Amino acid sequence: MGKKTIHVSDFSGQVLRPDDEVVKVVVLEHPDLVAGPVQLDATPLEVESIDDAALDVAVVEIHDRHGGGEPRRVVLTASEFDAMATDTPMARLLRTAERVKLPKARRSTEKVDYGTVEHAGKPHRGRVTEEEARLVREHLDEVNKRLADAGIRQVDPADPEHAARYGFPAVD
């Protein structure tokens, strides 16, 4: 018995043939997004109107006492933001305003140990150790539940890439 994978558009459910062009749409921010960015697959026709629907927006941070020490990020239309400048046009204000250096994203100095049940099976660029592969094979249900709860792809022993990566027997 074999398995057949059928790819479909996340937007319309339309079946995507192997020779179809697939457009990947990465959703970075959305009110319903709870576990970080996600990727959706679509056809070029389905995303054709995205650029036309795009809004001109201003993304600002408000640093005041209401944020509990943390800045609040606000997104508003560029025209609404521009209207706040009543003395000097916003375009001139933005050209002459004091420049701000944003803090560099800090890389975690703590190394993740994928050889523990807590982290085994998480996607990573490094080589899968025999210990991680063994943990994934022996605790697959637990690993997949943790990955699903975190919104991360699950390990599929029938997937040839996952089978090779974690040492599952090849499925023909």
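You'll find the structure just up there.
A few points on the structure. What you see is a predicted model; the values in this text were computed from it and never measured.

So, how was this worked out
- Residues numbered from 1 in each chain as written.
- Predicted model: local features only at pLDDT ≥ 70, side-chain atom pairs only at ≥ 80, totals over all residues.
- Heavy atoms only, no water.
- Helix = DSSP H or I, 4+ residues; strand = E, 2+ residues; numbered from the N terminus.
- Rg over C-alpha atoms; globule rule 2.2 N^0.38 Å.
- Areas by Shrake-Rupley, 256 points an atom, 1.4 Å probe, with all protein chains shown as cover.
- Core = buried A, V, L, I, M, F, W, Y, C linked by side-chain atoms within 4.5 Å.
- Buried < 20%, exposed > 50% of the residue type's maximum accessible area, 1.4 Å probe, protein only.
- Contact = heavy atoms within 4.5 Å.

### Focus on the overall build of the protein
For step 1, the next point in the chain: Per the secondary structure count, the protein includes seven helices and six strands.
For step 2, the next point in the chain: Taking 2.2 N^0.38 as the reference for a compact globule, 172 residues should give roughly 16 Å; the C-alpha atoms of the protein span a radius of gyration of 23 Å, well beyond that estimate.
For step 3, the next point in the chain: Each of the three principal axes of the protein carries a C-alpha extent, and together these read 70 × 45 × 25 Å.
For step 4, the next point in the chain: When the accessible surface of the protein is totalled, it reaches about 14,200 Å², and 53% of it is carbon and sulfur.

### Quick notes on the environment of Ser 49
For step 1, the next point in the chain: In this structure, Ser 49 sits in the loop between helix H1 (44–47) and helix H2 (50–53).
For step 2, the next point in the chain: Sequence separation between Ser 49 and Gly 126 is 77 residues, and the spatial gap between their C-alpha atoms is 38 Å.

### With respect to the nonpolar core
For step 1, the next point in the chain: Counting 12 residues, the largest nonpolar core is built from Ala 120, Val 128, Ala 133, Leu 135, Val 136, Leu 140, Val 143, Leu 147, Val 155, Ala 163, Tyr 166 and Phe 168.
For step 2, the next point in the chain: Those elements that place two or more of their residues in this core are helix H5 (130–138), helix H6 (140–149) and helix H7 (160–166).

### So, the side chain of His 119
For step 1, the next point in the chain: Considering the arrangement of structural elements, one finds His 119 in the loop between helix H4 (90–96) and H5.
For step 2, the next point in the chain: Excluding residues within four positions of it along the chain, His 119 makes contact with Val 112, Asp 113, Tyr 114 and Arg 146.

### Some words on the side chain of His 124
For step 1, the next point in the chain: Counting through the fold element by element, His 124 comes out in the loop between H4 and H5.
For step 2, the next point in the chain: Given the relative accessible area of 16%, His 124 is considered buried.
For step 3, the next point in the chain: Those residues in contact with His 124 that sit more than four places away from it in its chain are Tyr 114, Glu 132 and Arg 165.

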